[in-house]
Amino acid sequence: MNTHSTKAQLFASLTAYLQDLQESGLDGIPADLATLKETDTAQQPAAIPKQSIESKMTEELNTPEIHETLEQIRKSLGPCQRCKLGATRKNLVFGVGNPKARLVFVGEGPGADEDAQGEPFVGDAGKMLNRIIAAMELKREDVYICNVVKCRPPQNRPPESDEVSTCSPFLLRQLQSVKPEVIVALGTSAAQALLQTKIPISKMRGKFHDFHGMPLMPTYHPSYLLRTGGNSDSFWSVWDDMTQVLQYLKLPVPNKSRNK
Ligand code: URA
């Protein structure tokens, strides 16, 4: 990438980010933000008190009275080009399901099928997730499903840290909007991004963790279950994790027999 396009991309990201903050009522944004030009560098840093933006954002996210709808959050994303994934995606994959779900599943990022259809978990991994949801005697429409990043990483590589950090505020807002009783993080990327850690999924799964006051259960990604098809231990690990989730939600735990 040349210096000019990097600068242009940075400028576009910054402008879009500030517009979001402005739309959500943040003080300290210049009224003529929309008219800022790339060459208009003098206005950028001076007008934005970084400290207050960050603390205000955290404050807003943790303020129970402010309730954003998922539609408002989707609208504020717009035709997002905040990170480099915007340039290669076909469809932005926002999320699907019950806006008042008691349970939210968070995956890594869209794959080819999701990119084509604009809906999370509709390919092979999605079929596996559907099996997990059905085994819990829930319906896909009962839960809410989304990803750490909303645009497909090329060649289905894991999202990079700058992509995760750019997209995370929107995921956080979605989770604050749905306010589920439990979040399930599917796989390493989701668990590590949400819990801000590098601990391997195998060490995190099976226990509830705190995510902004919401209990979060990390478990293996459905794609991992597909890859380890012959190894039933990973299936039963996921089932053990989902059993804890059902118990936490005070829902019946279907009886599954292990033919060991
Ligand atoms: N894998 C994910 O993590 N998310 C999807 O939406 C699809 C596959």
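Draft legend 1. Inspection of the pairing of strand β2 (residues 103-107) at higher detail. Judged by how many residues are buried, β2 sits mostly within the fold: five of five residues are covered. Of the two faces of β2, the one carrying L103, F105 and G107 and the one carrying V104 and V106 are both buried. Judged from the four bridges that link them, β2 and strand β4 (residues 182-186) form a sheet pairing that is parallel. Bridge pairing in β4 links V106 to A185. Where β2 meets strand β3 (residues 144-147), four bridges bridge the pair, whose relative direction is parallel. Bridge pairing links F105 to I145 in β3.

Draft legend 2. Quick look at the packing of aromatic side chains. As enumerated under the stated definition, the model contains two aromatic pairs in all. For the pair F208 and Y248, a centre-to-centre distance of 5.3 Å together with 50° between the ring planes defines the contact as tilted. Placement of the pair is F208 in the loop between α9 (201-204) and β5 (209-211) and Y248 in helix α11 (residues 232-248), with a sequence separation of 40 residues. For F208, a relative accessible area of 30% puts it in the partly exposed group. For Y248, a relative accessible area of 42% corresponds to the partly exposed category. Ring geometry for Y220 against Y224: centres 4.8 Å apart, planes inclined by 40°, an arrangement best described as tilted. With relative accessibility at 13%, the residue Y220 sits in the buried group. Overall, the relative accessible area of 27% leaves Y224 in the partly exposed class. Looking at K256, its charged tip hangs above the ring of W239, at a distance of 5.4 Å from the centre.

What counts and how
Residues numbered from 1 in each chain as written. Predicted model: local features only at pLDDT ≥ 70, side-chain atom pairs only at ≥ 80, totals over all residues. Heavy atoms only, no water. Buried < 20%, exposed > 50% of the residue type's maximum accessible area, 1.4 Å probe, protein only. Helix = DSSP H or I, 4+ residues; strand = E, 2+ residues; numbered from the N terminus. Pairing = 2+ DSSP bridges. Phe/Tyr/Trp six-rings, centres within 6.5 Å; stacked < 30°, edge-to-face > 60°. Lys NZ or Arg CZ within 6 Å of the ring centre and 35° of its normal.

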